[in-house]
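An overview of the molecular structure
Residue strings, one per chain:
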Amino acid sequence: MKQMNTDKAQTSKSRRSFLGMLPLGVLAGVVVSIGGAAFRFLRPRLSAPNEQWLDVAALSELRGPQPVAKKIVAEQISGWAVTTEEHSVFVLPEKNNQVFSTICPHAGCEVSWEQSTNRFACPCHDSYFAADGSRISGPAPRGLDALPSRVQDGKLQVQYRVQDGETQA
Amino acid sequence: MSAPFSDRKAWLQTTGGVVGVLLLVQFLTGILLAFYYVPSVDHAHTTVSYIEKVVSSGSWLRSLHHYGSQWLALFVFLHVVRLFLSKAYVNRTLAWIVAVVMLGLVMAAAGTGYSLPWDARAFFSTRVAEGLMSGLPLVGRNARFWVLGGNDISTITLSRFFAVHVLIVPFAIMGVIAWQFGRRACWTNLSRNAIVGGVVFVALAIWCAKFPAPLGPAVEAMTADYLPRPGAQFLWLYELLKYVPGGLGSIVGVILPGMGLAILLLLPRLKAQRLLGSTVLGVLTAGIVTMTIVSYVSDRSNSHTREQLARQTAEEAKWRSEPFNPQLLQASQRESQTTSAAPVMYTKFCVNCHGPHGEGAQQGTLRFPPLLDVAAKPRRTTEDIVSLLKDPTAYGLEPPMRSFKDKLTEEQMREIAAWVVQLKR
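Residues numbered from 1 in each chain as written. Chains lettered and ligands numbered in written order. Predicted model: local features only at pLDDT ≥ 70, side-chain atom pairs only at ≥ 80, totals over all residues.

1. Quick notes on the overall build of chain A
- Within chain A, the regular secondary structure consists of one helix and eleven strands.
- Reading chain A from its N end, one meets helices and strands in the order α-β-β-β-β-β-β-β-β-β-β-β.
- The burial tally for chain A puts 19% of its 169 residues in the buried class.
- Counting contacts in chain A only where the partners sit at least 6 residues apart, residues at least 24 apart contribute 47% of the total. (Helix = DSSP H or I, 4+ residues; strand = E, 2+ residues; numbered from the N terminus. Buried ≥ 20, exposed ≤ 12 C-beta atoms within 10 Å, placed from the backbone. Contact = placed C-beta atoms within 7 Å.)

2. Considering the interface of chain B and chain A
- On the side of chain A, 22 residues touch chain B, which itself brings 30 residues to the contact.
- Those elements giving two or more residues to the side of chain B that touches chain A turn out to be α2 (15–33), α3 (44–53), α4 (58–85), α10 (190–210) and β1 (327–329) of chain B.
- In terms of residue count, the dominant contributor to the side of chain B that touches chain A is α10 of chain B (eight residues).
- Here the residues of the side of chain B that touches chain A sort into 20 nonpolar, ten polar and no charged.
- With three bridges joining them, strand β3 (residues 81–92) of chain A and β1 of chain B adopt parallel strand pairing. When the bridges of β1 of chain B are listed, T83 of chain A appears paired with L329 of chain B. (Nonpolar A, V, L, I, M, F, W, Y, C, P; charged D, E, K, R; others polar. Pairing = 2+ DSSP bridges.)

3. Points about the sheet that holds strand β7 (residues 128–129) of chain A
Residue and element names in this part refer to chain A.
- Read across the open sheet, the four strands follow the order β5-β6-β7-β8; overall the sheet is antiparallel. The open sheet terminates on both sides in strands that have one partner only, identified here as β5 (112–114) and β8 (135–137).
- Two elements, β5 and strand β6 (residues 119–121), share three bridges in a ladder whose sense is antiparallel. For W113, the partnering residue across the bridge sits in β6 and is F120.

The following block contains the structure:
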C-alpha cells in the first residue's frame, strides 16, 4: 500500500514536470515554425552579374592621349524596384579603348584624373594610378579594374560590374 | 495544477492562452512584413505583391498576419465574454480591464492594418473610416482632417495609419500586457492554456498554408464595378452601415460600440453590473453575429453580387499566377518634359483657379489645389476626371469646384482630362 502511494506520487511528480514544460514547448513551437519561415523570408536575394551591354560612346568621340571620362546608365533590379544608376568610367583611346571603372580597388571611392600630374588620384586615401590604370602608390592593392568591353555598330559598349574591394585582390 | 486534467470547465478557461499565442504570431509576422513593406501610395501595393509572389514564405507569413488578426479579434471577444461569465469584473478587475482594453486595441490594429496594402479594398476601408470620422457630431470635420492628415486621402493618410498600426497600438498592447503580468505573477491553468493555444496556432498555420491573404487590385487599376468587402471582423459594421442613413452611421458604427466598450471598462465601478454587462455583451454579440450572417447571406443570394465577387476572385487568382513585375523607380533623371499647350476650354474655365500650367493658385484665403501629378492619386484616370468634371461631389470635392456638365461637351471634358493627367511636377 505504501509502495503504491510512492509510485503514484512519482507519476504525479513526473506528470507535473512534463506539464510544466508544455508552455515552453508550445512557445518554442510557435517561434521555431515562424522562425524557420523568417529565415527563408529574410534570406538575401543575390542577383546574377549584369550581363547587359551598355553604350559608352560612339568610337568617333574617343580620341586623344588623355583618358576620357564617360557616364553610363545601368538598370538594376533590387527586390521590388528597378533603379537606374549612373556610373562613371574612363576610356583609354590610346590603349585600344580599354574601359576602367572609376571605383578605387582600395575602399571604393571614386578616382579622378589629374591632368597636371598625368595620373589618377583617389581622394580618400591617396592611392595613385598611372594613365594605363596600373597602380603607382598608396594603399590600393591593385590597379584600376578593367571592364569587359566590345564595339558594336560603331559604338563602344561595356558590361558594368562592381568588384569587391580588397577581398578579391 | 489545481483542477484535474479532465475538468471541462478548466479547458474552457483557456481563451487567454489563445489570445497570447495569437498576439505573439501578430508581433512576429508584423515585424517580418516590415522588412519589405513600404508605406507609401506609390510602393505599398508593389511591396505587398513582392511579399506575396517573390519572397520565400512571404505569402504564408502575410496570411498568418491577415487571418491571425481576424482570429485574434474573435478570441479576445470570447475572452471578454468568458471573464464576464466568471464575474471577473468583481473578483479579478485587473484581468477584466486588460481584456476590454485589449479588445479595443485589437480592433484598432485591424482597422488601421486594412489600409496598408493599398489595394482597392484598403482604399475603400480608408474611405469608410473617413466617412465614419466626418459623421461624428461636433468634432466630425476636424476628426476627418486629423485622420486623413489633410483634406483628402493621400500618401500622408497611409503613413498615419502605418504609424498607428506598427508603433502606437503595439506599444499600447505591450504596455497593457506588462501591466497585467507586472501586477499579478500567479499563473493558473497554464498547461491547458498552452495546449489550446498550440492547437489554435497549428490550425491557423494550416489554414494559412491553404489560403493566402486576399490582395485586391492596386487602387490605380481598380474598376468602377469593384465590390469591396472588409475582413471578417468588420463584416458586421459593413452590413450595419447599409441600413442606417448617412450621418447616423458614425453613431451606430463608432459611438455605440465605443460606449459599449466604455461601459464594460467601467463595469467594476458601476451598479447593476450583471444587468448592464449582460445587456452590452448580449447586444454586441447578437448584433455582430446577426449582421455577419446577414452580410454572407445577402452576398450569396444576390446573383449580381455573387457573380461580381466570383469575377474578382478569378481576377485575383489570375493576378497571382502572373510573374511579379518590378517597379521602375525614377530617381533624379526624369525625361525632359514636353508639356503641350493647355486646351482652349481649360484656359477658359479652369485657369483662374488651377493656374495656366495646372500649378494651382491662391486667392485670398482660398487655396486651389495644383493638378500636377494628379494622375498618381487614386481615382484620377482620364475617365475619372471626365466623371469628376460632371459631378465633383461624387469624388469628394467641395465647392468652389463645380460641375461642368452643362458648360462643356463630353469631348471638351475628355480633352481637358487627357491634358491634366499628363501634368507632372
